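# Structure assessment
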Amino acid sequence: MKNLSLILNFILIVAVGILYFLHFRGHGISGSLTSEGTSPGITDVAIAYVIEDSLLNNYDLFKELSAQLEKKQADLEKTYTSRAQSLQTEIENFRSTSGNMTINQARAVEEDLMRKQQNLYQYQETLGQQMLEEQAKVNDQLFQRVAEFLKKYSVENGYNVVLNYKRGTGMLFGSEMLDITKPVTDRLNAEYKAEKEAAASGKTTKADSAKAGK
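These figures come from a predicted structure and were not determined experimentally.

With that settled, consider the nonpolar core. The biggest cluster of nonpolar side chains holds 24 residues, and the ones touching the most others in it are Leu55, Tyr59, Leu142, Ile180, Val184 and Leu188. Elements with a contribution of two residues or more to this core: β1 (47-51), α2 (52-58), α3 (60-97), α4 (103-157) and α5 (181-213). The greatest single-element share of this core, amounting to 9 residues, is contributed by α4. In this structure, Val184 is in contact with Val50, Leu55, Phe149, Leu150 and Tyr153, ignoring residues within four places of it in sequence. The next biggest cluster of nonpolar side chains, apart from the first, holds 6 residues, and it includes Phe94, Ala106, Leu113 and Leu120.

Okay, structure coming up:
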């Protein structure tokens, strides 16, 4: 699902976030430079990054949401195709029988077919808008989930900034030592698996309770 891209430029807006951090840290120590020509405290900034494509391709929640979205899109396309074929059949029937109709009858059928065709166009636009909204919901769900996790993960591991490493973003290079994609993905998957198991266990318990009540 190419259009479904998680926008991982969060936690801090990179440039503004780093400048904000260094500005106030520098004011708290000194405005002067050290003998090496750097501002004191800059080396204390802990930065890491995640590779968006790799995270998404290996995140179980993303896979499931993508599969659900693709199935919904396929179902909607199937419904649209069915309506379009039905209308096409009506048009072909009209063409083959219009010679036996009066002018008023043919005109009435033509107007009805034109109305149905316009409704089909509007339905197509509605489906497209619906899919865009569904994709936006999935993007937002993933964004919120990963953003909240990275806030917690950053506190646990002492990171001040977590960047998104993806072609087209402002980040051009990152040392592999700063790449936390795998541990982040592993933790996200572990948490999601635990949630699913807890939810399944809860459903089982409710079902057992219902049977016992009988």
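With that out of the way, let us pick up α3. Taking 1.5 Å as the rise per residue, α3 with 38 residues should run 56 Å; its terminal C-alpha atoms sit 56 Å apart, in good agreement. Taken as a whole, α3 has its buried residues at Leu61, Phe62, Leu65, Ser66, Leu69, Leu76, Leu87, Ile91 and Phe94.

You can see Val138 is positioned in helix α4. Using a relative accessible area of 8% as the deciding quantity, one classes Val138 as buried. Through-space distance from the C-alpha of Val138 to that of Leu65 is 7.0 Å; in sequence the pair is 73 residues apart.

Time to look at the packing of α3 against α4. To characterise two packed helices, one gives the angle between the axes of the helices and the distance between these axes. It is the contact of α3 with α4, at a shortest axis distance of 11 Å, that shows an interaxial angle of 175°. Accordingly, the angle class assigned to the pair α3 and α4 is roughly antiparallel.

Turning next to the packing of aromatic side chains. Overall, the coordinates contain 3 aromatic pairs when judged by the stated rule. An aromatic cluster of three or more residues is present, and its members are Phe149, Tyr153 and Tyr159. Directly above the ring of Tyr123 sits Arg83, whose terminal nitrogen or CZ lies 4.0 Å from the centroid.

Looking at where Lys182 falls in the secondary structure, it is placed in helix α5. Among the residues examined, Lys182 registers a relative accessible area of 58% and is labelled exposed. Taking the C-alpha atoms as reference, Lys182 lies 8.3 Å from Val50; in sequence the two are 132 residues apart.

As for its placement among the helices and strands, Thr181 is situated in helix α5. Thr181 sits in the buried class, given a relative accessible area of 4%. Side chain to side chain, Thr181 and Asp179 meet in a polar contact 2.6 Å long. For Thr181, the contacting residues outside a window of four places in its chain are Tyr49, Val50, Ile51, Ser54 and Leu55.

In the structure shown here, the tally under the stated rule is 13 salt bridges. Lys72 is the salt-bridge partner of Glu134, the closest N and O atoms lying 3.0 Å from each other. One end of the pair, Glu134, is in helix α4; the other, Lys72, is in helix α3, with 62 residues separating them in the sequence. A relative accessible area of 18% places Glu134 in the buried class. Exposure remark for Lys72: the relative accessible area of 30% places this residue in the partly exposed category. A salt bridge links Lys116 to Glu90; the nearest nitrogen and oxygen atoms lie 2.7 Å apart. Highlighted residues: Lys116 in helix α4 and Glu90 in helix α3, separated in sequence by 26 residues. Looking at Glu90, the relative accessible area reads 29%, which means it is partly exposed.

Cut-offs used in this document
- For every chain, the first residue of the written sequence is number 1, and numbering continues from 1 onward in sequence order.
- Per-residue local features of the predicted model are confined to residues with pLDDT of at least 70, and side-chain atom pairs are confined, for both listing and counting, to 80 or more; whole-chain, interface and lining totals are unaffected and use all residues.
- Hydrogens are left out, water is left out, and the side-chain values use all remaining heavy atoms of the structure.
- Only buried Ala, Val, Leu, Ile, Met, Phe, Trp, Tyr and Cys residues count toward a nonpolar core, and they belong to the same one when joined by side-chain atoms within 4.5 Å.
- Relative accessibility decides the category of a residue: with a 1.4 Å probe and only protein chains considered, values under 20% of the type maximum give buried, values over 50% give exposed, and everything between is partly exposed.
- By the criteria applied, helices consist of DSSP H or I runs no shorter than four residues and strands consist of E runs no shorter than two, each listed in order from the N terminus.
- Here a residue-residue contact requires only that any non-hydrogen atoms of the pair lie within 4.5 Å.
- One less than the number of residues in a helix, times 1.5 Å, gives the span that helix is expected to have.
- Helix axes are fitted only over the stretch in contact, all axes being lines through C-alpha atoms; the angle between N-to-C directions runs from 0 to 180 degrees.
- Orientation labels follow simple angle bins: below 35 degrees gives roughly parallel, above 145 gives roughly antiparallel, 65 to 115 gives roughly perpendicular, and whatever is left gives oblique.
- The pairing test for Phe, Tyr and Trp rings, Trp by its six-membered ring, is centres within 6.5 Å, and the orientation test on the planes gives stacked under 30 degrees, edge-to-face over 60, and tilted for anything in between.
- The criterion for a charge sitting over a ring is simple: Lys NZ or Arg CZ within 6 Å of the ring centre, and within 35 degrees of the ring normal.
- Distance and chemistry together define a polar contact, namely a pair of N or O atoms within 3.5 Å, with one atom able to donate a hydrogen and the other to accept it when in protein, and with adjacent residues in sequence counting only for side-chain atoms on both sides.
- The salt bridge criterion pairs a side-chain nitrogen of Lys or Arg with a carboxyl oxygen of Asp or Glu, the two atoms within 4 Å.

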